[in-house]
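# Breakdown of the fold
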Amino acid sequence: MKTQMLSAQRPEDIAAAAGLLRNGKLVAIPTETVYGLGANGLDENAVLRIFEAKGRPQDNPLILHISEPKELESICHDIPAQAWLLAEHFWPGPLTMVLPVRDLVPKRTTAGLDTVAVRCPKTAATRELIRLAGVPIAAPSANRSGKPSTTTAAHVLHDMDGRIEAILDGGPCEVGVESTIVDLTGERPRLLRPGGVTPEELRALLGELDIDRAVLGQIANDAVVRAPGMKYKHYAPSAEVYIISGSSEAAARYIRRRFGPGDAVLCFAEELPLYDGCNPTAYGSENDVRTLSAGLFAALRDLDRPDIRTIYARCPEGGGVAYAVGNRLKKAAAFRVVDAEHEA
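The following refers to the structure shown. (Residues numbered from 1 in each chain as written. Predicted model: local features only at pLDDT ≥ 70, side-chain atom pairs only at ≥ 80, totals over all residues. Heavy atoms only, no water.)

### Observations concerning the pairing of strand β10 (residues 190–193)
The sheet contact formed by strand β9 (residues 180–183) and β10 spans three bridges and is antiparallel. Residue pairing across strands places Asp183 opposite Arg190, the latter belonging to β10. Here β9 folds back onto β10 in antiparallel fashion, the turn holding six residues. Here two bridges tie β10 to strand β11 (residues 210–211), and the two strands are oriented parallel to one another. (Pairing = 2+ DSSP bridges. Helix = DSSP H or I, 4+ residues; strand = E, 2+ residues; numbered from the N terminus.)

Rendered as structure tokens:
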């Protein structure tokens, strides 16, 4: 099977992609966060092909994408007022909500749960694609399972060429990390995955927000989770990743003492002079965390090479979007963090 390249700038290509999805085929779709590997979310056989193409564990639920907020009622029930409040403020956009699911959604899509994760993406071409397809689109990130997510059509083609029918090319992704996921089925809203909508923004509207333990550390692979990206090692190149915290100078001293053949450095643009001779890769500016968000996965993919065995990574601190970038890097590192200020 040859993977067809389509353009999100051409209405006829969007219509062609919608036809493929209606017929049970797989199409990679652009969103503002990352590229998604799309299938008809109500077609159990099509959804199964997502898991096969990605090599994804089938106990890892998928996100359903809708074209406008009112479609939420067709796939969810007992929708709380908080959900409509969040939709009013953040949809279309990088926010996913976990809600009680209606019976028409296959168990394979929800990983057997009685809830489903739903979002309305910002990308206009993708919302038009969903509208034309006439069904919610199940779409995890369009990378091989566990690897860094895809933020360009070229990334998708690298991972999925010959595995899927088409890629709808919408250019580079704006946000660069997956959507924020908030669970609204418990007594209190719970953050399951940080993203482009920040905890601070959620608390400003909801008044309260619990942080799930999967955001803070690695959880067991036999744990039952309510959303994607919560338990398995994610977003990782083949090399072992270690996050080196502390000041720029302390981190550079720590890394330089240990740096050897097969090692690489992932750092902020401002720190590049500190790693002269270490062939460093910058993924954005520490002073503009949005550049770190947009550049993280592309940088991790560039460093996913056979000659690299260890990656020493610098991670932004604090809240907002930095919190999401830090979460993804910590997932890639399996939460291995070294404090350079206290290490010899």
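### Side note on the packing of aromatic side chains
This model, assessed by the stated rule, comprises one aromatic pair. Between Phe268 and Tyr283, the ring centres sit 6.1 Å apart and the planes meet at 40 degrees, which makes this aromatic pair tilted. Residue Phe268 is located in the loop between β13 (263–267) and β14 (281–282), and its partner Tyr283 is located in the loop between β14 and α11 (289–302); the two are separated by 15 residues in the primary sequence. In this structure, Phe268 and Tyr283 share a single accessibility class: buried. Just above the ring of Tyr254 sits the side chain of Arg258; from NZ or CZ to the centre is 3.7 Å. (Phe/Tyr/Trp six-rings, centres within 6.5 Å; stacked < 30°, edge-to-face > 60°. Buried < 20%, exposed > 50% of the residue type's maximum accessible area, 1.4 Å probe, protein only. Lys NZ or Arg CZ within 6 Å of the ring centre and 35° of its normal.)

### Focus: the nonpolar core
Membership of the largest hydrophobic core comes to 45 residues, with the highest contact counts inside it found for Leu86, Trp91, Leu95, Met97, Ile164 and Leu202. Elements represented by at least two residues in this core include exactly β3 (36–40), α2 (44–54), α3 (72–75), α4 (81–90), β5 (95–100), β6 (115–119), α7 (153–160) and α8 (199–206). Per element, the largest residue contribution to this core is five residues, and it comes from α2. Ignoring sequence-local partners within four residues, the contact set of Leu86 consists of Trp91, Leu95, Met97, Val182, Leu184, Leu202, Leu205 and Leu206. Listed in part, the 26 residues of the second largest apolar core include Ala239, Tyr283, Ala299 and Ala333. (Core = buried A, V, L, I, M, F, W, Y, C linked by side-chain atoms within 4.5 Å. Contact = heavy atoms within 4.5 Å.)

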